[in-house]
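Architecture at a glance
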Amino acid sequence: MKDKLEIILGIGIAVAVLVTLYFYLANAGDIELNEIFPIGITLILVLSAVYILWDRIKNVNRGLPAQDERLKLINYKACSYGFIACIWSAVGAPLLSGILFDYEIPGNYVTAIVVLFGGLAFIISFLILAWKGE
Amino acid sequence: MMKTRIKELRARYDLTQEDLAKKVGVRRETILFIEKGKYNPSLKLAHDIAEVLKTTIDELFIFE
């Protein structure tokens, strides 16, 4: 029951993100090059989350658990990599922007970079660890 | 390096990876990675697998 509830909640969040993205794109007009990057990362995150949900649904339908001890361990590891990516992107993004482009990034941009890079690091490490087996 | 006799004992009891996974309450991939030596199971999971395969942890896992 808990597994099914988590899956339904996950699907709801994925749909909400996709709908928000659709409305943003529909009303954004001409999309600039610097907007493509965060949209791309968001799409990668949502599609990866949908893949993970599909994998869990497949297991639940077969009578197997959606999550087990190996997956929980992978989750913890991926979370720690995501956390490290958050810290480094929070420090690195304003620093690199200042050094390379002589541009001071506004605070909300830094927040967006931290969220997107943290999420990307989490999802990539989760998928690699799940595929590798450790 | 850890080797296991899970595959051999599964065959003896005519169990697929999925059957064993259902009996011990894990995903099929977990059994696959344990068999390949790519994942070290918890003591509880090792005990459960040994119980299903009617053996002991000592006989199931070989450390080299």
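How each quantity is defined
- Counting from 1, residues in each chain are numbered in the order their sequence is written.
- Chain letters and ligand numbers both follow the written order, the letters beginning at A and the numbers at 1.
- Reporting in this predicted model follows two pLDDT cut-offs: at least 70 for local features of residues, and 80 or more for side-chain atom pairs to be given and counted; totals over whole chains, interfaces and linings ignore these cut-offs and use all residues.
- Each helix is a run of DSSP H or I of at least 4 residues and each strand a run of E of at least 2, with the numbering of both proceeding from the N terminus.
- To sort residues by exposure, count the other C-beta atoms lying within 10 Å of each residue's C-beta; 20 or more gives buried, 12 or fewer gives exposed, and values between give partly exposed, all with C-beta atoms placed from the backbone.
- By definition, residue pairs are in contact when their C-beta atoms, positioned from the backbone, come within 7 Å.
- Basically, the charged four are Asp, Glu, Lys and Arg, the nonpolar ten are Ala, Val, Leu, Ile, Met, Phe, Trp, Tyr, Cys and Pro, and anything else, Gly included, counts as polar.
- Expected span, for any helix, means 1.5 Å times one less than how many residues it has.
- One nonpolar core equals one set of buried Ala, Val, Leu, Ile, Met, Phe, Trp, Tyr and Cys residues connected by C-beta atoms within 7 Å.
- For every residue, the predictor states its confidence as a pLDDT score lying anywhere from 0 to 100.
- What marks off one domain from the next here is an automatic or database domain assignment.
- Within this analysis, the arc is defined by the directions that extend from the helix axis to the C-beta atoms.

Description of the overall build of chain A
Each helix and strand in chain A was counted, giving 4 helices and 0 strands. Expressed as lengths along the three principal axes of its C-alpha atoms, the size of chain A is roughly 55 × 35 × 20 Å. Across the 134 residues that make up chain A, the buried fraction comes to 13%. When contacts within chain A are restricted to residue pairs at least 6 apart in sequence, long-range pairs at least 24 apart make up 79% of them.

Remarks on the interface of chain B and chain A
The partner chain A presents 11 residues to the 14 residues of chain B that form the contact. Going through the elements one at a time, helix H2 (17-24) and helix H3 (28-36) of chain B are the ones with two or more residues in the side of chain B that touches chain A. Looking at the side of chain B that touches chain A element by element, the count peaks at 4 residues for H3 of chain B. In terms of residue class, the side of chain B that touches chain A is built from 5 nonpolar, 3 polar and 6 charged.

Concerning helix H4 (residues 107-132) of chain A
All names here are of chain A. For H4, with 26 residues, the first-to-last C-alpha span of 37 Å sits near the 38 Å given by 1.5 Å per residue. All of the buried residues along H4 are Ile113, Gly118, Gly119, Ala121, Phe122, Ile123 and Phe126. Those residues of H4 that are buried are in contact with helix H2 (33-61) and helix H3 (69-101). Glycine 133, located one to two residues past H4, shows a positive phi value of around 105°.

A few points about the nonpolar core
Formed by 13 residues in total, the largest nonpolar core has its most connected members in Ile6, Ala21, Val24, Val26, Ile31 and Ile49 of chain B. Counting residues per element, the ones that place at least two in this core are H2, H3 and helix H4 (43-52) of chain B. Here this core takes 3 residues from H2 of chain B, the largest share from any one element. Sequence-distant contacts of valine 24 of chain B, defined by excluding residues within four places in its chain, comprise Leu45, Asp48, Ile49 and Val52 of chain B. In this structure, Leu71, Ala78, Ala85 and Phe122 of chain A belong to the second largest nonpolar core, which totals 8 residues.

Considering the confidence of the model for chain B
Mean pLDDT over chain B: 92, with 98% of residues reaching 70 or higher. For this predicted complex, the interface confidence comes out at an ipTM of 0.86, alongside a pTM of 0.83.

Digging into the confidence of the model for chain A
For chain A, mean pLDDT is 89; residues scoring 70 or higher make up 99% of the total. Mean pLDDT across the secondary structure elements of chain A bottoms out at helix H1 (residues 2-27) of chain A, with 87, and peaks at H3 of chain A, with 93.

A closer look at the domain arrangement of chain A
Residues and elements named next belong to chain A. Splitting chain A by domain gives domain 1 (1-67) and domain 2 (69-134). For domain 1 versus domain 2, the distance between C-alpha centres works out to 18 Å. The interface is formed by 6 residues belonging to domain 1 together with 8 residues belonging to domain 2. Of the residues belonging to the side of domain 1 that touches domain 2, the class tally is 4 nonpolar, 2 polar and no charged.

A look at H2 of chain B
Residue and element names in this part refer to chain B. Residues Leu20, Ala21 and Val24 constitute the buried set of H2. Projection of H2 onto a plane perpendicular to its axis shows the buried side chains occupying an angular sector of 100°, all on one side. If you follow the buried residues of H2, they end up packed against helix H1 (6-12), H3 and H4. Looking at the residues trailing H2, positive phi occurs at glycine 25, about 75°.

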